[in-house]
Amino acid sequence: MAGIEDLRGVGLFRFLDDAELATIAAHCTLRTLPKGEVLIAEGGAEHDVLVVKRGSIYVSKRTDSGRDRELATLDAETVVGDVSMVLGSPRTASVAAKTEVEVLALSATGYRELLDRGDLAAYKVARNLLEVMAQRQLRTNDRLMSFLSTDRDSKVSLEVEQLEQVLGEWGC
């Protein structure tokens, strides 16, 4: 279990007072993982949300040919696993530690129990999570518009790069 000090200052938990932080912390674990450790495996059935507190991670996706392709490198304050938690779907990409990382894992099961009880702390986290997802959507829209406005000869090379970035951000 994590403590409120582990959650304090993390964007996903902003607007929560100490009592609310304690409620959420009861459903969080703090882990330090070595470089190369897999945090999330593509296709996995777990649904916890992870927040990178320290270090860097990389997101990869398996191609149709069966090879893993790195999509993005992401740093501290990155939230991953949110899509899987919200939709209850399998993990859509893999995430591994690029450096030693410290991650905070919010249990999807515990979080859903708080939501079902109508706990205000859970709804504040949901509001923050919606903001994270909306910001990603805006960046995706900007990249798409940039791609659409690029001349035809440059589009093919940009397409691969931009799709990798978008898929990397959407992570799991």
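**Q** I'd like a rundown of the overall build of the protein, residues and numbers included.
**A** A count of helical and extended segments in the protein gives 6 helices and 8 strands. Starting at the N terminus, the α and β elements of the protein follow one another as α-α-β-β-β-β-β-β-α-β-β-α-α-α. Its C-alpha radius of gyration of 17 Å places the protein within 12% of the 16 Å reference for a compact globule of 172 residues. Carbon and sulfur atoms make up 54% of the accessible area of the protein, which amounts to about 9,100 Å² in all. Computing the positive centroid from 21 side-chain charges and the negative centroid from 28, the protein places the two 2 Å apart.

**Q** How would you explain the pairing of strand β8 (residues 101-106) if you had to name every residue and give the values?
**A** Judged by how many residues are buried, β8 sits mostly within the fold: 6 of 6 residues are covered. Side-chain alternation along β8 places V101, V103 and A105 on one buried face and E102, L104 and L106 on a second face that is also buried. Pairing of strand β1 (residues 28-33) with β8 involves 6 bridges; the strand directions are antiparallel. Across the sheet, T32 pairs through a bridge with E102, a residue of β8. Pairing analysis gives 5 bridges linking strand β3 (residues 49-54) to β8, with the strands arranged antiparallel. Within β8, the position partnered with V52 by the bridge is V103.

**Q** Let's hear about the environment of L12: which residues, and what values?
**A** By the element assignment, L12 lies in the loop between α1 (4-7) and α2 (18-25). Assessed through its relative accessible area of 4%, L12 is described here as buried. Distance from L12 to L39, taken between C-alpha atoms, is 19 Å for residues 27 residues apart in sequence. Excluding residues within four positions of it along the chain, L12 makes contact with V49, V51, V125, N128 and L129.

**Q** Provide a residue-level description of the sheet that holds β3, including the pertinent values.
**A** The strands making up a sheet are joined through hydrogen bonds of the backbone, oriented either antiparallel or parallel. Pairing within the open sheet is antiparallel, and its 4 strands lie in the order β1-β8-β3-β6. At either margin of the open sheet sits one strand with a lone partner, and together these are β1 and β6 (79-80).

**Q** I'd love a proper account of helix α5 (residues 120-148), names of residues and values included.
**A** The terminal C-alpha atoms of α5, which comprises 29 residues, lie 42 Å apart, in line with the 42 Å expected from a rise of 1.5 Å per residue. Of the positions making up α5, those classed as buried are A121, A122, V125, N128, L129, V132, M133, R136, T140, R143 and F147. Where α5 begins, the capping side chain belongs to D119, and its oxygen is found 2.8 Å from the backbone nitrogen of A121.

**Q** Summarise α2; cite the residues concerned and give the values.
**A** Because an α-helix completes one turn every 3.6 residues, residues spaced three or four positions apart along the sequence face the same direction. Residues E20, L21, I24 and A25 constitute the buried set of α2. Around the axis of α2, the buried residues are gathered within 140° of arc, so they sit on the same side. For α2, the elements touching its buried residues are α1, β1, β8, α4 (108-116) and α5. At the N-terminal boundary of α2, the capping side chain belongs to D17, with an oxygen 3.1 Å from the backbone nitrogen of A19.

**Q** A description of the layout of surface pockets should follow, citing residues and the corresponding values.
**A** Put simply, the largest pocket is a space of about 310 Å³. In terms of lining, the largest pocket is formed by 20 residues, of which the most central are E77, T78, V79, V132 and R136. Taken together, the elements giving at least two residues each to the lining of the largest pocket come down to β6, α5 and α6 (152-170). If one sorts the elements of the lining of the largest pocket by residue count, α5 sits on top with 6 residues. Class assignment of the residues belonging to the lining of the largest pocket gives a composition of 8 nonpolar, 5 polar and 7 charged.

**Q** Go over a nonpolar patch on the surface with me, naming the residues and quoting the values.
**A** A surface patch of nonpolar side chains, about 310 Å² in accessible area, is lined by L144, M145 and L148. In this structure, L144 sits in helix α5. Note on L144: relative accessible area 46%, which makes it partly exposed.

Rules and cut-offs
Residues numbered from 1 in each chain as written. Predicted model: local features only at pLDDT ≥ 70, side-chain atom pairs only at ≥ 80, totals over all residues. Heavy atoms only, no water. Helix = DSSP H or I, 4+ residues; strand = E, 2+ residues; numbered from the N terminus. Rg over C-alpha atoms; globule rule 2.2 N^0.38 Å. Areas by Shrake-Rupley, 256 points an atom, 1.4 Å probe, with all protein chains shown as cover. Lys, Arg positive; Asp, Glu negative; His and termini not counted. Charge placed at Lys NZ, Arg CZ, Asp CG, Glu CD. Buried < 20%, exposed > 50% of the residue type's maximum accessible area, 1.4 Å probe, protein only. Pairing = 2+ DSSP bridges. Contact = heavy atoms within 4.5 Å. Expected span 1.5 Å × (residues − 1). Polar contact = N/O pair within 3.5 Å; in protein donor to acceptor, adjacent residues only side chain to side chain. Arc of directions from axis to C-beta. 1 Å grid on protein atoms, 1.4 Å probe; cavity = no way out; pocket = protein on both sides within 12 Å on 5 of 7 lines; lining within 4 Å. Points joined across faces, edges and corners; volume = space filled by probe spheres on them. Nonpolar A, V, L, I, M, F, W, Y, C, P; charged D, E, K, R; others polar. Patch = residues over 30% accessible without salt bridge, like charges linked within 9 Å, V, L, I, M, F, W, Y side chains within 5 Å. Salt bridge = Lys/Arg side-chain N within 4 Å of Asp/Glu carboxyl O.

Worth remembering: the numbers are spatial, not functional.
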